[in-house]
Amino acid sequence: MKLLNVQQIRDWDSWTIRKEAIASTGLMERAGKACTEYLLTKFSRDHAFLIYCGQGNNGGDGLVIARLLSGYGYRVAVLIVQHSKHRSEDFLLNLDRLRKVPEVSIREIGQERDLRQMELADPEPKRMVVIDSLLGSGISKPLEGLLAAAVHHINSSGNTVVSIDVPAGLPADAGQWDADRYRSVVSASTTLTFQVPKTSFLFPDSGKFCGNLKIMDIGLQEEFLQQVSTELEYVDEAFVAPLIRP
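Rules of the game
- Residues numbered from 1 in each chain as written.
- Predicted model: local features only at pLDDT ≥ 70, side-chain atom pairs only at ≥ 80, totals over all residues.
- Heavy atoms only, no water.
- Helix = DSSP H or I, 4+ residues; strand = E, 2+ residues; numbered from the N terminus.
- Rg over C-alpha atoms; globule rule 2.2 N^0.38 Å.
- Buried < 20%, exposed > 50% of the residue type's maximum accessible area, 1.4 Å probe, protein only.
- Contact = heavy atoms within 4.5 Å.
- Areas by Shrake-Rupley, 256 points an atom, 1.4 Å probe, with all protein chains shown as cover.
- Core = buried A, V, L, I, M, F, W, Y, C linked by side-chain atoms within 4.5 Å.
- Salt bridge = Lys/Arg side-chain N within 4 Å of Asp/Glu carboxyl O.

Caption draft 1: Region of interest: the overall build of the protein. Looking only at helices and strands, the protein features 8 helices and 9 strands. Taken against the 2.2 N^0.38 rule, which gives 18 Å for 246 residues, the C-alpha radius of gyration of the protein at 18 Å falls within 12% of a compact globule. Over its C-alpha atoms, taken along the principal directions, the protein stretches across nearly 60 × 45 × 40 Å. For the protein, the proportion of its 246 residues judged to be buried stands at 49%. Of all intrachain contacts in the protein linking residues separated by at least 6 positions in sequence, the fraction that spans at least 24 positions is 79%. Summed over its atoms, the accessible surface of the protein is roughly 12400 Å², and 48% of this surface lies on carbon and sulfur atoms.

Spelled out as structure tokens, the structure:
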């Protein structure tokens, strides 16, 4: 199976959007739906979800998940970590959609002390699941400031942590892992990544942050994968099965 870098995965998204003549928000909806369907199979309604969202498209995925989970009757709260002045268009569109769901609590986190508000308003004990939808695959440098503080709160929460696409703080293309440089990385119980694993997931020192890895098929066009050339491939069951003889 071909192993794509971050830019090739973005190109794959764009290719699919052009070929299917869909909006980028339609692809985001697919991604959020695939993750939500997985979460429905793993967590009963006596669980509550706390979703940390960045302000890019990975955060937009988290907003979709929040809206869909609430529609299934789950208790959901969203923390928007304001780590940048920029918010992607798809993030803003899904934020507008989510604000029309009164059952979902949305809080803006602008400084580290605000992270202490991570508890849901209702003090009744609930089993909490933390969703990391902070950054996705675009990171290229170590986290600092508010993002690093958010990662610390996630890791120290003691809750089950599910990362969307890539654990926050983990460079997707990293091969040789620099543990001294990348000190703030979400340590996920499960990572729900889209379409293909990222390179860093397949190395022991960096892949350990992913926990249980699940690949979500969001319907990206296979034609792109067939024609793109890559430097790396990984061996999976589909590759090995035809080689095994009685």
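Caption draft 2: Main features of the side chain of Ser-70. Along the chain, Ser-70 falls in helix α3 (residues 57-71). When residues no more than four places from it in sequence are discounted, the contact partners of Ser-70 are Val-76, Val-101, Glu-103 and Val-104.

Caption draft 3: A look at the nonpolar core. By size, the foremost hydrophobic cluster in this structure holds 40 residues, and its most contacted members are Leu-39, Phe-49, Ile-51, Val-76 and Val-78. Those residues within four positions of Val-78 in sequence are excluded, and the remaining contacts are Ile-51, Cys-53, Leu-63, Ala-66, Leu-98, Val-104, Ser-105, Ile-106 and Arg-107. Core analysis: the second largest hydrophobic core is formed by 24 residues, Ala-48, Leu-79, Met-128 and Val-151 among them.

Caption draft 4: Just unusual backbone geometry, in detail. Residues other than glycine seldom take positive phi values, yet Ala-21 does so here, at roughly 55°. Assignment of secondary structure puts Ala-21 in the loop between α1 (6-20) and α2 (24-42). Ala-21 sits in the exposed class, given a relative accessible area of 68%. Phi at Asp-165 takes a positive value of approximately 70°, unusual for a residue other than glycine.

Caption draft 5: Molecular detail of the pattern of salt bridges. By the definition in use, this model includes 7 salt bridges. Of the charged contacts, one joins Arg-67 and Glu-29 as a salt bridge, the two residues approaching to 2.8 Å between their closest N and O atoms. Placement of Arg-67 in helix α3 and of Glu-29 in helix α2 is noted, with a sequence separation of 38 residues between them. Glu-29 gets classed as partly exposed once you look at its relative accessible area, which sits at 24%. A salt bridge links Arg-97 to Glu-29, with the nearest nitrogen and oxygen atoms 3.6 Å apart. One end of the pair, Arg-97, is in helix α4 (residues 89-99); the other, Glu-29, is in helix α2, and 68 residues separate them in sequence. Residue classification places Arg-97 among the partly exposed residues on the basis of a relative accessible area of 34%. Through salt bridges with shared partners, one network takes in Glu-29, Arg-67 and Arg-97.

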